[in-house]
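Structural description and commentary
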Amino acid sequence: MKKVKNTICLFAFVAVLCVTVFSMQVSAAEALSQTFNEGTYYYTVADGEATVTDADVKGEITVPDTLGGYPVTAIGDRAFASLDKLEKVTVPGSIKTIGAEAFTFCEDLHTVIMQEGVEQIGESAFYCFEEWEGDTYDDEDWPAYSSIYSSLSSVTLPDSIKVIDDYAFADTELCGTLTLPKSLEKLGQYAFSNTYIDTVVIPAEVKYSDEIHITSYGFNLNSYYQYVEDTVIRIVTEPGGDYCVEQNGLLLLGKDKTVAVGYFDRKAERVTLPDSVKVISAYCFAEMEELDTVTMPCVEVIKERAFNYCKNLDTIELPDSLTTVEDYAFSNCHTLSVVNIPSNITKIGNRAFFRVKITGDIVFPATVKEIGENAFAECNALTGVSFMGDVKIGEAA
């Protein structure tokens, strides 16, 4: 009988323990999803750290470094969006991350000071835009956008920043000189497009990476919105760094100058790359609407979207050294009518020559092993193709 009682007690203890553990798990899950508020700030808590998720503020503010006794380490996505009376923001160094669209549509925001310690600025964090529904730009497949007025003209970027994501400061009033943070590991596409920045300083500490897009495509005022008389951005590089500048704004990588990173004279009509250049980086010449002739004597790789939307490009001689043309490399080069396929090329990426006005026939040498999806789609003047070897061909190539 005593054994039975002990067994019953054991089962009861286990049951109570299970209920207790389950309740603790539910409480923890509820805490993660629960929103708290302190004054005009709303926040969530995870792992003992607070994230600002919403606020009702105006004028000049300093984002709190603690809320509810928890250290604030992040500003969440859209946390301050559409606060049209917000004018000046100081972000303390305890905050590591500023989320996507965190301050978008803050039309009166003119000054942002980020203190040392901030590490990441999310996509479109300070971008002001709206989409025109049912409309498209230039009859293409992507929507047109109308810029909402932005007052943001002053931003302090500490050297602790590692990531500035796509469109982070696009369509703002930033002007003059921008010095990139020394810890920078990623600079997204269009990060500073449609601004008035005229000088970009690249510290020696900024190392080359495919994630750092230093191109006129990401900095210059875009002709979709307005005409800009001065179309050359000055690039300043520090001695001992990975970058150097020559040829009217041609940004090159390293002492050997093997990679063309960006080109900053957007009104240039003719460009000749030095023999040292083996790689043309992604977006290097993208949307240079006046460019009509490019000479690249020793290039081996043309990366994605390198010449995307160069609408007046009509002359380009692809060298025999070329082995790879990546996705969208010449997409929407509407006037490019003659394309030679070099004898050593092995791969042509997806939509590499999409909507290009190629006339006549194309012969693919035996070295070509792969042609991506839609690589030559909508090349309506193309009359025929021939293959000298076995090729893997993507859908609708």
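Refer to the structure presented above.
What comes next is a walk through the structure.

Rules used in this analysis
Residue indices begin from 1 for each chain and proceed along its sequence in written order. Where totals are concerned, whole chains, interfaces and linings use all residues; where local detail is concerned, this predicted model gives features only for residues with pLDDT of at least 70, and gives and counts side-chain atom pairs only at 80 or more. Calculation of side-chain values draws on the structure's entire complement of heavy atoms; hydrogens and water are dropped beforehand. A pair of strands is labelled paired if DSSP reports no fewer than 2 bridges between them. Secondary structure counts use DSSP, requiring at least four H or I residues in a row for a helix and at least two E residues in a row for a strand, with both numbered from the N terminus. Side-chain rings of Phe, Tyr and Trp, where Trp is taken by its six-membered ring, are said to pair if the distance between their centres is within 6.5 Å; with planes under 30 degrees apart they count as stacked, over 60 as edge-to-face, and otherwise as tilted. The classification of residues rests on relative accessible area computed with a 1.4 Å probe and restricted to protein chains. Under 20% of the type maximum is buried, over 50% is exposed, and intermediate values are partly exposed. Interaxial angle, 0 to 180 degrees, is taken between N-to-C directions of lines fitted to C-alpha atoms, where a helix line uses only the stretch in contact. In this analysis, a patch consists of residues with relative accessible area above 30% that form no salt bridge, clustered at 9 Å for like charges and at 5 Å for the nonpolar side chains Val, Leu, Ile, Met, Phe, Trp and Tyr. Only the protein chains shown count as cover for residues, with accessible areas throughout obtained via the Shrake-Rupley method and a probe of 1.4 Å. Salt bridge, as used here: a side-chain nitrogen of Lys or Arg that lies within 4 Å of a carboxyl oxygen of Asp or Glu. Counting rule applied: Lys, Arg positive; Asp, Glu negative; His and chain ends not counted. To locate a charge, take NZ of a lysine, CZ of an arginine, CG of an aspartate or CD of a glutamate. Throughout, nonpolar core names a set of buried Ala, Val, Leu, Ile, Met, Phe, Trp, Tyr and Cys residues whose side chains join them through atoms within 4.5 Å. Here, residues are in contact when the closest pair of their heavy atoms is within 4.5 Å.

Considerations on the pairing of strand 2 (residues 41-46)
Bridging between strand 1 (residues 36-38) and strand 2 involves three bridges; their strand directions are antiparallel. When the sheet's bridge partners are listed, Glu-38 is paired in strand 2 with Tyr-41. The antiparallel hairpin formed by strand 1 and strand 2 contains two residues in its connecting segment, where Gly-39 sits at a positive phi of about 65 degrees. In this structure, strand 2 lies alongside strand 3 (residues 49-55), joined through six bridges in antiparallel fashion. If you follow Tyr-43 over to strand 3, its bridge partner there is Val-52.

So, the packing of aromatic side chains
This structure, assessed with the given rule, holds 16 aromatic pairs. Ring geometry for Phe-169 versus Phe-192: centroids 5.2 Å apart, planes at 10 degrees, classification stacked. Of this pair, Phe-169 sits in the loop between strand 14 (163-164) and strand 15 (175-179) while Phe-192 sits in the loop between strand 16 (186-187) and strand 17 (196-202), and the two are 23 residues apart along the sequence. Owing to a relative accessible area of 0%, Phe-169 belongs among the buried residues under this scheme. Judged by relative accessible area, Phe-192 falls into the buried class, the value being 1%. Note on Phe-285 and Phe-307: the rings are 5.1 Å apart at their centroids and 5 degrees apart in plane angle, and the pair reads as stacked. Taken together, the positions of Phe-285 in the loop between strand 23 (279-280) and strand 24 (293-295) and Phe-307 in the loop between strand 25 (301-302) and strand 26 (315-317) put the pair 22 residues apart, joining distant regions of the chain. Using a relative accessible area of 0% as the deciding quantity, one classes Phe-285 as buried. Taken together, the aromatic side chains of Tyr-263, Phe-285, Phe-307, Phe-330, Phe-353, Phe-364, Phe-376 and Phe-387 make up a single cluster linked through ring pairs.

Focus on the sheet that holds strand 18 (residues 234-237)
Sheets are built from strands paired through backbone hydrogen bonds, the pairs being either parallel or antiparallel. Ordered in space as 15-17-18, the three strands form an open sheet in which the pairing is parallel. Looking along the sheet, the strands with just one partner apiece sit at the ends: strand 15 and strand 18. Averaged over all pairs of adjacent strands, the angle between strand axes in this sheet comes to 20 degrees, irrespective of strand direction. When strand 15 meets strand 17, the two strands line up parallel, connected through five bridges. Bridge assignment links Gly-176 to a residue of strand 17, and that residue is Ile-197.

Thoughts on a negative patch on the surface
A contiguous patch of negative charge, built from Glu-60, Asp-84, Glu-87, Glu-107 and Asp-108, is present on the exposed surface. Assignment of secondary structure puts Glu-87 in strand 7 (residues 86-91). The class for Glu-87 is partly exposed, based on a relative accessible area of 34%.

Points about the environment of Glu-290
The residue Glu-290 is located in the loop between strand 23 and strand 24 in this model. Between the alpha carbons of Glu-290 and Asn-312 there is a distance of 6.0 Å; along the sequence they are 22 residues apart.

Re the nonpolar core
The tendency in soluble globular proteins is for nonpolar side chains to be buried side by side. Core analysis: the biggest nonpolar cluster contains 60 residues, and Phe-80, Phe-103, Met-114, Ile-164, Phe-169 and Phe-192 have the highest contact counts within it. Of all the secondary structure elements, the ones that give two or more residues to this core are strand 2, strand 3, strand 6 (70-75), strand 7, strand 9 (111-114), strand 17, strand 20 (250-253) and strand 21 (259-263). In contact with Phe-192, not counting residues within four places along its chain, are Leu-157, Ile-164, Phe-169, Leu-174, Leu-178, Leu-187, Ile-197, Gly-218 and Phe-219. Grouped together as the second largest cluster of nonpolar side chains are 45 residues, Leu-273, Ile-280, Val-325 and Phe-376 included.

Quick look at the sheet that holds strand 21
The mixed open sheet is built from nine strands, whose spatial order is 19-20-21-23-25-27-28-30-32. Edge positions in the open sheet fall to strand 19 (243-246) and strand 32 (392-393), since each of these has one partner strand only. Note: strand 20 against strand 21, four bridges, orientation antiparallel. Looking at the pairing, Leu-253 lines up with Val-259 of strand 21.

Quick word on unusual backbone geometry
In this model, Arg-351 sits at a positive phi of 55 degrees, which is unusual for a non-glycine residue. Note that Arg-351 resides in the loop between strand 28 (347-348) and strand 29 (360-364). Not every positive phi belongs to a glycine, and Asn-374 is a case in point at roughly 55 degrees. Within the secondary structure, Asn-374 sits in the loop between strand 30 (370-371) and strand 31 (382-387).

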